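# Structural features, examined
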Amino acid sequence: MTQSPPPPRRGNRHLSRTQEFLRPMIYGGNDGIVTTFAIVAGFAGAKAEGAVELGVLAILVRSPELVADLALTYERNLADPSSARPAADGLMTFLSFVVMGAVPLLPYFFLAPTETTFRLSVAATGAALVALGLLRFSATEEGLARSVGETVIVGGICALVAYGVGAAVASF
């Protein structure tokens, strides 16, 4: 009795050229938005200027593997280390991280750090997450609700956790 071959893994499907181009953009953009806004939310939760910056910086410096692992796990289908063009993918990931990661900070570039500025940052981040979810939808075979929903929900959970940690640190 012969066994049928296992079904192809999700990550092994053939992607169009456009999808291949969008993968590192989505990965870098998502990482940039979520990590940057998590820091903004942490500061807002702590209502501190600089006190949390050193706790957050120390954690990020000590745990880059953890941050990378979490990002790769979440975007498991979008970051393929066996890519045929690692330099181009790396550059696109970096540029997307910088551009999308700046979105939560934009209100702070123009306004004093107040509660209103934080709310504008939340709105800008939400819009960027929706846009990134739409980009993810166009680059994957996932449904629209899943692509946008997961992107927004995971980003929102990260923000809530960071805000809660900031508030907890401020209470000490």
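Presented here is a report on the structure given in the accompanying data block. (Residues numbered from 1 in each chain as written. Predicted model: local features only at pLDDT ≥ 70, side-chain atom pairs only at ≥ 80, totals over all residues. Heavy atoms only, no water.)

## A few points about the overall build of the protein chain
Along its length, the protein chain carries seven helices and zero strands. Put simply, the protein chain runs from its N terminus to its C terminus through helices and strands in the order α-α-α-α-α-α-α. Looking at the protein chain as a whole, 34% of its 172 residues are labelled buried. In the protein chain, 74% of the contacts between residues at least 6 apart in sequence involve partners at least 24 apart. Taken as a whole, the protein chain presents about 10600 Å² of accessible surface, with 71% of it coming from carbon and sulfur. (Helix = DSSP H or I, 4+ residues; strand = E, 2+ residues; numbered from the N terminus. Buried < 20%, exposed > 50% of the residue type's maximum accessible area, 1.4 Å probe, protein only. Contact = heavy atoms within 4.5 Å. Areas by Shrake-Rupley, 256 points an atom, 1.4 Å probe, with all protein chains shown as cover.)

## A short note on the side chain of Ser121
Turning to its location among the elements, Ser121 is positioned in helix H6 (residues 115-139). Every residue in contact with Ser121, bar those within four places of it in the chain, is listed here: Phe37, Val40, Pro104, Pro107 and Tyr108.

## Some details on helix H1 (residues 17-46)
Between its first and last C-alpha atoms H1 spans 44 Å; for 30 residues at 1.5 Å apiece the expected length is 44 Å, and the two agree. For H1, the buried fraction is high: 21 of the 30 residues fall into the buried class. Lys47 occupies a position one or two residues after H1 and carries a positive phi of about 50°. (Expected span 1.5 Å × (residues − 1).)

## Let's talk about the packing of aromatic side chains
Two descriptors summarise a pair of aromatic rings, namely the distance from one centre to the other and the angle between the planes of the rings. Applying the stated criterion across every chain, the model contains two aromatic pairs. Both rings, one in Phe37 and one in Phe118, keep their centres 6.0 Å apart while their planes meet at 10°; by these two values the pair is stacked. With Phe37 in helix H1 and Phe118 in helix H6, this residue pair connects regions lying 81 residues apart in the sequence. The residues Phe37 and Phe118 share a single accessibility class, namely buried. Summarising the aromatic geometry, the rings of Phe118 and Tyr163 are spaced 5.9 Å apart at their centres and angled 25° between planes, so their arrangement reads as stacked. (Phe/Tyr/Trp six-rings, centres within 6.5 Å; stacked < 30°, edge-to-face > 60°.)

## Comments concerning a nonpolar patch on the surface
Residues Leu91, Phe94, Leu95, Phe97 and Val98 make up a contiguous nonpolar surface patch of roughly 450 Å² in combined accessible area. With respect to the helices, strands and loops of the structure, Phe94 is situated in helix H4 (residues 86-102). (Patch = residues over 30% accessible without salt bridge, like charges linked within 9 Å, V, L, I, M, F, W, Y side chains within 5 Å. Salt bridge = Lys/Arg side-chain N within 4 Å of Asp/Glu carboxyl O.)

## Section: the nonpolar core
Grouped together as the largest cluster of nonpolar side chains are ten residues: Leu22, Ile26, Ile33, Val34, Met100, Val103, Ala128, Leu129, Leu132 and Ala139. Counting residues per element, the ones that place at least two in this core are H1 and H6. Residues Phe37, Val40, Ala41 and Phe118 belong to the second largest nonpolar core, which totals seven residues. (Core = buried A, V, L, I, M, F, W, Y, C linked by side-chain atoms within 4.5 Å.)

## Some thoughts on the packing of H1 against H4
Contact geometry for H1 and H4: axes closest at 7 Å, N-to-C directions at 35°. Crossing of H1 over H4 shows right-handed handedness. Listed contacts from H4 to Phe21, Pro24, Met25, Tyr27, Gly28, Gly29, Asp31, Gly32, Ile33, Thr35 and Thr36 of H1 are Asp89, Met92, Thr93, Ser96, Phe97, Met100 and Gly101. The residue inventory of the contact of H1 with H4, partitioned by class, reads eight nonpolar, eight polar and two charged. (Axes fitted to C-alpha atoms, helices over the stretch in contact; angles between N-to-C directions. Left-handed = near helix turned anticlockwise from the far one by under 90°. Nonpolar A, V, L, I, M, F, W, Y, C, P; charged D, E, K, R; others polar.)

## Some thoughts on the pattern of salt bridges
Applying the stated criterion across every chain yields a total of four salt bridges. Across the pair Arg136 and Glu142 runs a salt bridge, and its minimum N-O distance is 2.8 Å. On the basis of relative accessible area, Arg136 is assigned to the buried category, the value being 3%. Among the salt bridges present, the one from Arg146 reaches Glu150, with a minimum N-O distance of 2.9 Å. One end of the pair, Arg146, and the other, Glu150, are both in helix H7 (residues 144-170), four residues apart, so they sit about a helical turn from each other. Overall, Glu150 belongs to the partly exposed group, its relative accessible area being 27%. Each of the salt bridges in this network shares a partner with another, and the network as a whole consists of Arg136, Glu142, Arg146 and Glu150.

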